[in-house]
Amino acid sequence: MYTQCSEETNPSLAIQYHLYEHPLYRHSTSDEDKINVLVIGFGNYGQEFFDVCLQNAQMLGKKLNVTVVSDDITDKDIYLAERPELIDFFNIDGLLAGQDDIYGDIVFEITKLERENQVANSNILQNIMYEHCDSKHLHYVFIALGEDVLNYAVASACQTAVKVFDIECTVSYICESHLNLADSDAISIPLYVNKDIKKS
């Protein structure tokens, strides 16, 4: 199963449809008061996904907790500068800690990635997954690192962490090409942002 987007539509629309098919709350139980999301990569697609999350995840009785992992601090600075009101509604990096009238928490983690070494990147990000799975129930992981093969490799590493911790978690990744990189029994879900829906 995958999300398709024609060339005439924008990535935001593809991501909205993807979240409609695979909602953030899918693996959240009724007794959980938080939805925990991990966004790996914070370029254009990561930011588009995050915007859609913030719009769609306002659910009664549940707060949105998002950790954004990026290797470029300027991504965070530019994103927040373009959305100055966000600080009024979310506890960003602990600035509103202890306040009850917020929609959730946003944490930005800057992590050095080895862009030329796929195995090293997978190991780095799998360790981040282990840390997050160990401390809370992760409900959703979204991967957008700018390269299809790297996105798929990281999604596979995240799948391993999900299996090790035996949790229910959606792992989703951007795929700009038309190549089907996924295994038929994989639990990760590619989001094909450039596939022409009319040819399916």
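Above this text is the structure in question.
Below you will find a few notes about this structure. (Residues numbered from 1 in each chain as written. Predicted model: local features only at pLDDT ≥ 70, side-chain atom pairs only at ≥ 80, totals over all residues. Heavy atoms only, no water.)

**Examining helix 1 (residues 11–21)**
Those residues of helix 1 that sit buried are Ser12, Ala14, Ile15, His18 and Leu19. Each buried residue of helix 1 lies within a common arc of 160° when the element is viewed along its axis, so the set occupies one face. (Buried < 20%, exposed > 50% of the residue type's maximum accessible area, 1.4 Å probe, protein only. Helix = DSSP H or I, 4+ residues; strand = E, 2+ residues; numbered from the N terminus. Arc of directions from axis to C-beta.)

**What about the sheet that holds strand 4 (residues 104–110)?**
The strand order across the open sheet formed by 7 strands is 3-4-2-1-5-6-7, and the pairing between neighbours is parallel. Each having just a single partner strand, strand 3 (90–92) and strand 7 (188–192) make up the two edges of the open sheet. Taken over all neighbouring pairs, the strand axes of this sheet differ in orientation by 20° on average, direction set aside. Pairing analysis gives 4 bridges linking strand 1 (residues 34–40) to strand 5 (residues 140–143), with the strands arranged parallel. Counted as the bridge partner of Ile40 is Ile143 from strand 5. Packing of helix 5 (residues 148–165) onto the sheet brings it into contact with strand 1, strand 5, strand 6 (170–175) and strand 7, and relative to strand 6 it is tilted by some 175°. (Pairing = 2+ DSSP bridges. Axes fitted to C-alpha atoms, helices over the stretch in contact; angles between N-to-C directions. Contact = heavy atoms within 4.5 Å.)

**A word on unusual backbone geometry**
We note that Asp93 has phi near 50°; this positive angle belongs to a residue other than glycine. By secondary structure assignment, the location of Asp93 is in the loop between strand 3 and strand 4. Asp93 sits in the partly exposed class, given a relative accessible area of 33%. Phi at Asp166 is positive, roughly 50°, even though this residue is not glycine. The residue Asp166 is located in the loop between helix 5 and strand 6 in this model.

**Some details on the pairing of strand 4**
Direction of pairing for strand 2 (residues 63–70) relative to strand 4: parallel, over a ladder of 7 bridges. Across the sheet, residue Val66 finds its bridge partner in strand 4, namely Ile106. The sheet contact formed by strand 3 and strand 4 spans 3 bridges and is parallel. Among the inter-strand pairings, Asn91 is bridged to a residue of strand 4, identified as Asp105.

**Points about the nonpolar core**
Ranked by size, the top nonpolar core spans 30 residues in total, and within it Leu24, Val37, Phe49 and Leu64 carry the most contacts. Secondary structure elements with two or more residues in this core: helix 1, strand 1, helix 2 (44–56), strand 2, strand 3, strand 4 and strand 5. Here the element with the most residues in this core is helix 2; it accounts for 6 residues. When sequence neighbours within four positions are dropped, the list of residues in contact with Leu64 reads Leu24, Ile35, Val37, Cys53, Leu54, Ala57, Phe90, Tyr103, Gly104 and Asp105. Ile128, Leu145, Ala161 and Cys169 belong to the second-largest nonpolar core, a separate cluster that totals 24 residues. (Core = buried A, V, L, I, M, F, W, Y, C linked by side-chain atoms within 4.5 Å.)

**Overview of the packing of aromatic side chains**
Working definition: an aromatic ring pair is given by the centre-to-centre distance plus the angle between the planes. Per the counting criterion, the structure on display carries 10 aromatic pairs. When the centroid spacing of 5.8 Å and the interplanar angle of 65° are considered together, the rings of Phe42 and Phe50 count as edge-to-face. Where Phe50 meets Tyr79, the ring centres are 5.4 Å apart and the plane angle is 35°; that geometry is what we call tilted. Taken together, the residues span a long stretch of sequence, with Phe50 in helix 2 and Tyr79 in helix 3 (residues 73–82) at a distance of 29 residues. (Phe/Tyr/Trp six-rings, centres within 6.5 Å; stacked < 30°, edge-to-face > 60°.)

**Some details on helix 5**
Here helix 5 contains 18 residues, and its C-alpha end-to-end distance of 26 Å stays within 8% of the 26 Å for a straight helix at 1.5 Å per residue. The complete set of buried residues in helix 5 reads Asp148, Leu150, Asn151, Tyr152, Ala153, Val154, Ala155, Ala157, Cys158, Gln159, Ala161 and Val162. Backbone geometry just downstream of helix 5 places Asp166 in the positive-phi region, at approximately 50°. (Expected span 1.5 Å × (residues − 1).)

**Remarks on the pairing of strand 1**
When you tally the buried positions in strand 1, you get 6 out of 7 residues, the bulk of the element. Sheet topology note: the strand 1/strand 2 ladder contains 7 bridges and is parallel. Bridging from a neighbouring strand, Val39 pairs with Val68 of strand 2.

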